[in-house]
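Breakdown of the fold
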Amino acid sequence: MVNYETLDVQRRGHVGWLIFNRPDRRNAMNHVMRDELRTAWTELNDDPDVRVIVNAAHGRDFQTGADVVELATDGLGMERYRQSMEEFDLGFTSWHLGIDKPVIAAVNGICAGGGLHFVADADIVIAAGDACFTDPHVSVGQVSAVETIGLIRKMPAEAVLRMALVGRHERMSAARAYELGMVSEVIDPPEQLHEAAQALAEKIALNSPAATRATKRALWGALEKGLTEACKSGAAELVSLWGHPDQSEGPAAFAEKREPRWKVS
């Protein structure tokens, strides 16, 4: 296992946890965290015992985006990231890296700016009752683009535009995020967020790992394509599992009234 400076990577049964661990900096993403995220996502995706990944945070806030203090003082600013952005080789979220294991984002406290990448790119998002969302890019002279483009595929466009254009002068509550479809569940009391995330992940982990990964690929792929092309790609994913041991094991376990023994994949 890798020793991380800015992240805490754990395994809890079949659930892998990727936890932001800069609580003193409100989990702002400096260049070290940005690099470590690529390694951590890959580590959990390559672990055959991990079936679901939870993305969470230590401390009072989930993720506050780029470390603005670092940008202002390190002499490089955003130029540090120019090449990766121009080549669109970002590598710090599951979607950037093509992670096909299910990903749950468990959001507490503030999720701001670049932190919205992790909301847009997760498969399922749950939020503590005290969570709030804001996009201060335009308030610090930056363009709001990739993360909000991702969100506009999940929720009403006007809600995303409002957040992007109003900037740091307004925050969206967890309750409002639920109404708009940004999150699928609000957890109260907030202290139970990680417990709820683990319980949800364990439900997903009960299913065939091969089938869940193929399902994720099919559904995310549909966002990239037109209807017919998406359905054809989905059919290919479906057929790709025909003959897989899990397709015999699932009905057998049901008939025998026992838990299925899925093939590790």
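Everything below is about the structure printed above this text.
Report on the accompanying structure. If you're wondering where the values come from, they're calculated on a predicted model, not measured in any experiment.

Okay, the overall build of the chain next. Broken down by element type, the chain carries eleven helices and nine strands. Reported as C-alpha extents along the three principal axes, the dimensions of the chain are approximately 60 × 40 × 35 Å. When each of the 265 residues of the chain is scored for burial, the buried share is 48%. Contacts spanning at least 24 positions in sequence make up 70% of the contacts within the chain whose residues lie at least 6 apart. With 28 positive and 38 negative side-chain charges, the chain shows a spacing of 3 Å between the two charge centroids.

Grouped together as the largest cluster of nonpolar side chains are 42 residues, with contacts concentrated most on Leu37, Val107, Phe133, Leu151 and Met182. Of the residues forming this core, the biggest block, five residues, is contributed by helix α1 (residues 31–46). Sequence-distant contacts of Val107, defined by excluding residues within four places in its chain, comprise Phe62, Val119, Val125, Ile126, Ala127, Ala128, Ala131, Phe133 and Leu193. Ranked by size, the runner-up nonpolar core spans 16 residues in total, among them Val15, Ala106, Ala128 and Ala197.

Within strand β6 (residues 124–128), four of the five residues are buried, leaving the element largely enclosed by the surrounding structure. Inspection of the sheet shows strand β4 (residues 103–107) paired to β6 by four bridges, in the parallel sense. The partner of Ala105 across the bridge, within β6, is Val125. When β6 meets strand β9 (residues 185–187), the two strands line up parallel, connected through three bridges. For Ala128, the partnering residue across the bridge sits in β9 and is Ile187.

Here is what the cut-offs are and how they apply
- Residues numbered from 1 in each chain as written.
- Predicted model: local features only at pLDDT ≥ 70, side-chain atom pairs only at ≥ 80, totals over all residues.
- Heavy atoms only, no water.
- Helix = DSSP H or I, 4+ residues; strand = E, 2+ residues; numbered from the N terminus.
- Buried < 20%, exposed > 50% of the residue type's maximum accessible area, 1.4 Å probe, protein only.
- Contact = heavy atoms within 4.5 Å.
- Lys, Arg positive; Asp, Glu negative; His and termini not counted.
- Charge placed at Lys NZ, Arg CZ, Asp CG, Glu CD.
- Core = buried A, V, L, I, M, F, W, Y, C linked by side-chain atoms within 4.5 Å.
- Pairing = 2+ DSSP bridges.

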